[in-house]
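Each chain is listed here by its residues.
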Amino acid sequence: MANPLTPDVLVDPVELTRTLVDIESVSRHEQAIADNVEEVLRQASHLSVDRLGNTVMARTDLGRDQRVVLAGHLDTVPINDNFPSTVVDDLIYGCGTSDMKSGVALALHLAAGLPDPRYDLTFLFYEAEEIDSKYNGLRLVAESRPEWLLADFAVLLEPTYGVVEAGCQGTLRALVRTTGRRAHTARAWRGVNAIHAAGDVLRRLSDYRARTVTIDGCTYREGLNAVKIHGGVAGNVVPDECVVEVNMRFAPDRTEKQALEHVHEVFEGYEVELTDSAPGALPGLSAAPAREFLAAVGAEPAAKLGWTDVARFAALGIPALNYGPGDPLLAHAPDEHVEIGKIRDGAATLYRWLAS
Ligand SMILES: [Zn+2]
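I will try to describe carefully the structure that is included in this document. (Residues numbered from 1 in each chain as written. Predicted model: local features only at pLDDT ≥ 70, side-chain atom pairs only at ≥ 80, totals over all residues. Heavy atoms only, no water.)

**Focus on helix α3 (residues 31–42)**
Convention followed: Here a strand is any run of E in DSSP of at least two residues, a helix any run of H or I of at least four, and the numbering for each starts at the N terminus. Residue count minus one, scaled by 1.5 Å, sets the expected span of a helix. Burial status follows relative accessibility: with a 1.4 Å probe on protein chains alone, a residue under 20% of its type maximum counts as buried, one over 50% as exposed, and anything between as partly exposed. What makes two residues a contact is simply this: any of their non-hydrogen atoms within 4.5 Å.
For α3, built from 12 residues, the straight-helix expectation of 16 Å at 1.5 Å per residue is met to within 8% by its first-to-last C-alpha distance of 16 Å. Among all positions in α3, only I33, A34, N36, V37, E38, V40 and L41 are buried. Of the surrounding secondary structure, the elements contacted by the buried residues of α3 are α1 (7–10), α2 (13–21), β1 (48–52), β2 (55–59), α4 (97–113) and β6 (120–126).

**Some thoughts on the pattern of salt bridges**
Note the cut-off: Each salt bridge in this description consists of a side-chain nitrogen of Lys or Arg and a carboxyl oxygen of Asp or Glu lying within 4 Å of one another.
Enumeration over the complete set of coordinates arrives at 22 salt bridges. Here R203 ties to D200 by a salt bridge, and the two come within 3.9 Å at their closest N and O atoms. Of the two residues, R203 and D200 are both situated in helix α6 (residues 194–207); the distance of three residues between them amounts to about one turn of the helix. Judged by its relative accessible area of 24%, D200 falls in the partly exposed class.

**Looking at the coordination of the zinc ion**
To be explicit about the condition: For Na, K and Ca the donor cutoff is 3.2 Å, while for all other metals N, O and S atoms count as donors only within 2.8 Å; water does not appear among the atoms, so some sites may look incomplete.
Here the zinc ion is held by the protein donor atoms H73 (NE2), D99 (OD) and E158 (OE), which lie 1.9 to 2.2 Å from it. For the zinc ion, the donor residues sit on a single chain with the sequence spacing H-x25-D-x58-E. With D99 in helix α4 and E158 in the loop between β7 (153–156) and β8 (165–166), this residue pair connects regions lying 59 residues apart in the sequence. The buried category is assigned to D99, whose relative accessible area is 7%.

**Here we look at the environment of E268**
Along the chain, E268 turns up in the loop between α7 (256–266) and β16 (271–278). Assessed through its relative accessible area of 60%, E268 is described here as exposed. Note: C-alpha distance between E268 and V201 (67 residues apart in sequence) is 9.8 Å.

**Digging into the packing of α4 against helix α10 (residues 340–354)**
For any two helices packed against each other, the geometry comes down to the angle between their axes and how far apart the axes lie. Heads up, the condition is: For helices, the axis comes from a line fit to the C-alpha atoms of the stretch in contact; other axes are also lines fit to C-alpha atoms, and the angle between any two N-to-C directions lies between 0 and 180 degrees. Here is the rule for angles: anything less than 35 degrees is roughly parallel, anything more than 145 is roughly antiparallel, 65 through 115 is roughly perpendicular, and the remaining ranges are oblique. Crossing handedness follows the turn of the near helix against the far one: under a right angle anticlockwise gives a left-handed crossing, and clockwise gives a right-handed one. Note on residue categories: nonpolar means Ala, Val, Leu, Ile, Met, Phe, Trp, Tyr, Cys or Pro, charged means Asp, Glu, Lys or Arg, and polar means any other residue, Gly included.
Put simply, α4 and α10 touch, their axes get as near as 10 Å, and they point 40° apart. Taken together, the axes of α4 and α10 are oblique relative to one another. In the crossing of α4 with α10, the sense of the turn from one axis to the other is right-handed. Taking contact as the criterion, the partners of S102, L106, H109, L110 and G113 in α4 are, on α10, I343, G346, A347, L350, Y351 and L354. A breakdown of the residues in the contact of α4 with α10 according to their chemical character gives seven nonpolar, four polar and no charged.

**Some points on the sheet that holds strand β4 (residues 86–88)**
Applicable threshold: Pairing between strands is defined by DSSP: at least two bridges between the two strands are required.
With antiparallel pairing, three strands are arranged side by side in an open sheet as β4-β5-β19. Bordering the open sheet on either side are β4 and β19 (337–339), each of which pairs with just one other strand. Sheet twist, expressed as the average angle between the axes of neighbouring strands with direction ignored, equals 25°. Examined bridge by bridge, β4 and strand β5 (residues 91–93) share three bridges and lie antiparallel to one another. When the sheet's bridge partners are listed, V87 is paired in β5 with I92. Its contacts with the sheet place α2 against β4, β5 and β19, and it is angled at close to 15° to β5.

**Remarks on the nonpolar core**
Note the cut-off: Here, nonpolar core refers to any group of buried Ala, Val, Leu, Ile, Met, Phe, Trp, Tyr and Cys residues whose side-chain atoms link them within 4.5 Å.
With 61 residues, the main nonpolar core has L41, L70, L108, F123 and W353 as its most contacted residues. Ignoring any residue separated from it by four or fewer positions in sequence, one finds F123 in contact with L47, V56, M57, A58, L70, A107, L110 and A111.

Here's what the structure looks like:
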């Protein structure tokens, strides 16, 4: 089939968004879109192109002092009666319009149309962001082609509705266990009730005062919450164990280790077992390309409270942020859409920043 990403489409980020949306690319089915993207990038003489699975990398090598990564995932969540795209007034509707083919369109439009940028640029169009992280294209690149990620600064074009969202919070899950002694409930005084003991754990959670931390002008709100609880043996047994699962979202001034130590402090006297954790990412807005980017956007940054692939760059010491035309509240929704004006604004901002 002919590649729908024609030169006429590539010059117009709005048409390009629609065309990308109309190439179906649910996670694990990104081959067609990756083939099309790779083909048009290979036609650009100012780019060198490489591929890992269905992740396509293209870069300039102009000898600039600084290198910037622009990255976006090619996959979408499953289609939900919202394919192909439709246009109503200033809105493009369809699966992936917001998350994040409008962002991918900006990167691809720049890759094809800006042969002489002021920084060297690396473009990453990657697979499988919407599913289990073991498939995540950016994770696979970090493991087997880490040199593709080397840069002074990275922008992920995830939906932020045109706002700069910097850094991200870390997350950890842990089990807090209370223990007791089993007994028949008819002779309950012989036992110790572990579920009753969990009352103290829950009280510590409801009394907990979460920190609010401001870094580089971005305000992060931490949280420590019970997310599951289970205990009990039978209808006539005093239970000897109760487990409260807690989730802590921590600001990026704490490491994973420090966050876990904090959880141990909060639940001092109880057994705490870590089950899962991922680091946060500092906003890193002091890097020169980041400051120039903020000047081009002309608005204050906000903190990213969820966990995003930005942290994969941070783990390599590369400051990174999210900036994209889509509305994050519409991501994964059946009525997902993007405003055409936001796509045009985003393209103009990135040109202002990157054109030399
Ligand atoms: Zn996304």
